[in-house]
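Examination of the molecular architecture
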Amino acid sequence: MSWRAEVDAQSCVASGMCAALAPELFVLNDEHARPADPEFQPDELALDAADSCPGTAITVRDGDGRRIGPRD
């Protein structure tokens, strides 16, 4: 079952934290970050990136659509 990542462009401050933590999962362009591929195999680094995002712009969902990141 794959996970899905979303980046809210309005909340993203383009710090690059996600791309630094998980370069295979997130890329940073001039304005904001985005998932390298919205769907990916479960990876703890995606949750770490969501937890570390200073703009809380990253949401990670499991295959059933439940929000699993950022963790509370």
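Overview of the structure. (Residues numbered from 1 in each chain as written. Predicted model: local features only at pLDDT ≥ 70, side-chain atom pairs only at ≥ 80, totals over all residues. Heavy atoms only, no water.)

**Some remarks on the packing of aromatic side chains**
- Scanning all chains against the criterion turns up one aromatic pair.
- Consider the rings of Trp3 and Phe40, whose centres lie 6.4 Å apart with planes at 75°: the pair is edge-to-face. Of this pair, Trp3 sits in strand β1 (residues 3-7) while Phe40 sits in strand β4 (residues 39-40); the two residues are 37 residues apart in sequence, bridging distant segments of the chain. (Phe/Tyr/Trp six-rings, centres within 6.5 Å; stacked < 30°, edge-to-face > 60°. Helix = DSSP H or I, 4+ residues; strand = E, 2+ residues; numbered from the N terminus.)

**Remarks on the pairing of β1**
- The alternating pattern of β1 places Trp3, Ala5 and Val7 on a buried face and Arg4 and Glu6 on a face that is not buried.
- Pairing between β1 and β4: two bridges, direction antiparallel. Paired with Arg4 across the two strands is Glu39, which belongs to β4.
- Direction of pairing for β1 relative to strand β5 (residues 58-61): antiparallel, over a ladder of four bridges. In the strand pairing of β5, Ala5 is matched with Val60. (Buried < 20%, exposed > 50% of the residue type's maximum accessible area, 1.4 Å probe, protein only. Pairing = 2+ DSSP bridges.)

**Here's the deal with the pairing of β5**
- Pairing between β5 and strand β6 (residues 67-69): two bridges, direction antiparallel. Each residue of the ladder has a partner; that of Val60, found in β6, is Gly69.
- Taken together, β5 and the strand that follows it, β6, pair antiparallel across an intervening segment of five residues, in which Gly65 is found at a positive phi of about 90°.

**Looking at the side chain of Asp62**
- Take Asp62: it is sitting in the loop between β5 and β6.
- Given the relative accessible area of 11%, Asp62 is considered buried.
- For Asp62, the side chain forms a polar contact with the side chain of Arg66, separated by 2.9 Å.
- Excluding its chain neighbours within four sequence positions, the residues that come into contact with Asp62 are Ser2, Trp3 and Ile68. (Polar contact = N/O pair within 3.5 Å; in protein donor to acceptor, adjacent residues only side chain to side chain. Contact = heavy atoms within 4.5 Å.)

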